Amino acid sequence: MTLNWVQIFRLGLVQMCLGAIVVLTTSTLNRLMVVELAMPAVLPGALVALHYGIQITRPNWGFRSDTKGNRTFFIIAGMAALGLGALLAAFGVVVMATQPMFGLAVSIVAYAMIGVGVGASGTSLLALLATATEPRRRAAAATITWLMMIFGIAVTAGTVGAYLDPYTPALLMRVVAVVTVGAVALTVLSVWGIERRVIAEVESEAAPFRQGLTEIWAEPRARAFTLFILLSMTAYFMQELILEPYAGLVFAFSPGQSTQLSGAQNGGVFVGMLAVGVLATGLRLGSLRTWVIAGCIGSAASLIAIAALGEVQIGLLTPAVVALGLFNGMFAVAAIGSMMALAGEGRGKREGTRMGLWGAAQAVAAGFGGLLGAAAADVLRLWVDVASAFGLVFLAEAGLFGVAALIAARVIDHNRVRSEQGPMPIAVPGE
């Protein structure tokens, strides 16, 4: 027995909960540290990089899913760790205002817990989807869960932004508590009993984890795809930690307004992903390579516009950010469109391990890209004005997207990614 549509939707709710919690830590708390607490952007950048860096353990979580089963436990336990980590992260921000070192220590523990939670829950969830979904339903199932995650990010950012004004530390703790407790409860209700009703066991070779991972890395297709993810996702995540501070410092957005800006961006991501899903899969218009290149070029153009708006002080930041989200969504869903199909190829049935490898590559790129963007903004602010400092980082990111577009033309074609397989994403882009 395999997953039916109702069960696929229920697992999508778990992905939605992951996105809802993560967006609080990568956008709202980040902005509060940089603007309200006047801390250098590299500090939240390093904390977010820590949570991404810990996700390098994703292949191990995937390996456990392949060999030990009981994915439900890892999904729920990981979500609980993620929720507790987010609560601690919010507490750390509150404490930083009066006790900076203690607040920083709390934040380090919190973001480490967030990384463990996302790695355990997200990888186990996707391994369950990959092994318990009929091949003909995999494209639709993965697209549904990815879009639900983006929906959770967009709705949470917009709703929290509306409730967070006027900002107070007590209000922040209440809002984060409601989101995290609600997400953990919904996860338990959504995933409970599904694994027992489907055939999700995987016959895996008895090779040790290190040997299995080495064998996967030796596969040319898996290795090339991993390297492509590292470069393209570094470009994708460079603006993640500086966009809200940019809105606050240059355009005088309030905490609520900048959080809503993040929600608008992720709304654009949702529309972009949905558009590619309908056009490439439903109407069969364009190859995945075409959509990747279009998304990269559009993202680069949007970033150039965002940088220019800061120089001329024209109040069109929100439309430009929505456009960035739209093209980011097109790029992301097309660039990783073959992952679920590729996960089942090569030696043995190691869907979880392969998706863990690619998820780890994405996490490393996200952490490096976010930290690089934040650190570059801090350094440039020593030499130029605030708007120019952030603008130069956006322009550098636009350049990386241009390089990614050129590489995509070779890598995706080399791997023979077929548009008829449909958009099939992996781990949480904000995870």
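Notes on the structure follow. Residues take numbers from 1 onward in each chain, read along the sequence in its written order. Given that this is a predicted model, residues contribute local features only at a pLDDT of at least 70 and side-chain atom pairs are listed and counted only at 80 or more, while totals for whole chains, interfaces and linings are drawn from all residues. Side-chain metrics rest on all non-hydrogen atoms present in the structure, leaving aside hydrogens and water.

For the purposes of this entry, the term helix denotes a DSSP run of H or I that reaches at least four residues, the term strand denotes a run of E that reaches at least two, and both are numbered from the N terminus. Each helix and strand counted, the chain has 17 helices and 0 strands in total. The cut-offs for exposure are 20% and 50% of the maximum accessible area for each residue type, with area from a 1.4 Å probe on protein chains only; residues under the lower value are buried, those over the upper are exposed, and the others partly exposed. A burial count over the chain gives 59% of its 431 residues as buried. Note on contacts: a residue pair is in contact if any heavy atoms of the two residues lie within 4.5 Å. Across the chain, contacts joining residues at least 24 apart in sequence account for 87% of those joining residues at least 6 apart. Per-residue accessibility takes into account occlusion by the displayed protein chains alone, with areas from the Shrake-Rupley method and a 1.4 Å probe. When the accessible surface of the chain is totalled, it reaches about 15,700 Å², and 70% of it is carbon and sulfur.

Think of a salt bridge as a Lys or Arg side-chain nitrogen and an Asp or Glu carboxyl oxygen that are within 4 Å of each other. Counting across every chain of the model gives 1 salt bridge. R31 is the partner of E36 in a salt bridge, and the nearest nitrogen-oxygen pair spans 2.9 Å. Note on E36: relative accessible area 33%, which makes it partly exposed.

Within helix α11 (residues 243–251), 8 of the 9 residues are buried, which leaves the element mostly enclosed by the surrounding structure. Every buried residue of α11 is accounted for by L243, E244, P245, Y246, A247, G248, V250 and F251.

Let us now look at a nonpolar patch on the surface. Residues I304, V379, L382, W383, V384, L392 and L395 make up a contiguous nonpolar surface patch of roughly 730 Å² in combined accessible area. Here L395 is to be found in helix α17 (residues 386–414). Taking the relative accessible area as the measure of exposure, L395 reaches 39% and is therefore partly exposed. Only residues above 30% relative accessible area that lack a salt bridge enter a patch, with like-charged residues linked at up to 9 Å and the nonpolar side chains Val, Leu, Ile, Met, Phe, Trp and Tyr linked at up to 5 Å.

What follows covers unusual backbone geometry. Positive phi outside glycine occurs at A38, with the angle close to 55 degrees. Within the chain, A252 stands out as a residue other than glycine whose phi angle is a positive 60 degrees. For A252, the position within the fold is in the loop between α11 and α12 (255–282). Taking the relative accessible area as the measure of exposure, A252 reaches 62% and is therefore exposed.

A separate point is the environment of Q15. Here Q15 shows up in helix α1 (residues 5–36). Residues Q15 and T145 lie 130 residues apart in sequence; the distance between their C-alpha atoms is 6.2 Å.

Turning to the environment of L279, a few remarks are in order. Note on placement: L279 falls in helix α12. Each residue touching L279, except ones within four places of it in the same chain, is listed here: R284, L285 and W291.

This next bit is on the nonpolar core. Definition used in this section: a nonpolar core is a set of buried Ala, Val, Leu, Ile, Met, Phe, Trp, Tyr and Cys residues joined via side-chain atoms within 4.5 Å. Within the largest apolar cluster, 116 residues are counted, with the highest numbers of intra-cluster contacts made by Y246, L317 and F394. No other element matches α1, which puts 14 residues into this core. Setting aside anything within four residues of it in sequence, one finds Y246 in contact with F251, I306, A307, L309, G310, L317, A387, F390 and F394.

Another point: the packing of helix α4 (residues 71–96) against helix α5 (residues 100–132). Inter-axis angles, ranging from 0 to 180 degrees, are taken between N-to-C directions of lines fitted to C-alpha atoms, where helices are fitted over the stretch in contact. Running from N to C, α4 and α5 point in directions that differ by 155 degrees, and their axes come no closer than 7 Å. Classed by the angle they form, the pair α4 and α5 counts as roughly antiparallel. Every pair of crossing elements has a handedness; the one defined by α4 and α5 is left-handed. Nonpolar residues are Ala, Val, Leu, Ile, Met, Phe, Trp, Tyr, Cys and Pro. Charged residues are Asp, Glu, Lys and Arg, and all others, Gly as well, are polar. Its residues assigned to classes, the contact of α4 with α5 shows 26 nonpolar, 9 polar and 1 charged. Every angle not falling under 35 degrees, over 145, or within 65 to 115 is termed oblique; those three ranges are roughly parallel, roughly antiparallel and roughly perpendicular. Should the near helix be turned anticlockwise from the far one by less than a right angle, the crossing is left-handed, and should it be turned clockwise, the crossing is right-handed.

Tracing the chain through its elements places T145 in helix α6 (residues 138–163). On the accessibility criterion, T145 (2% relative accessible area) is buried. With residues near it in sequence (within four places) discarded, T145 still touches I8, L11, G12, Q15 and L129.

By themselves, these are just geometric observations and shouldn't be taken as functional.
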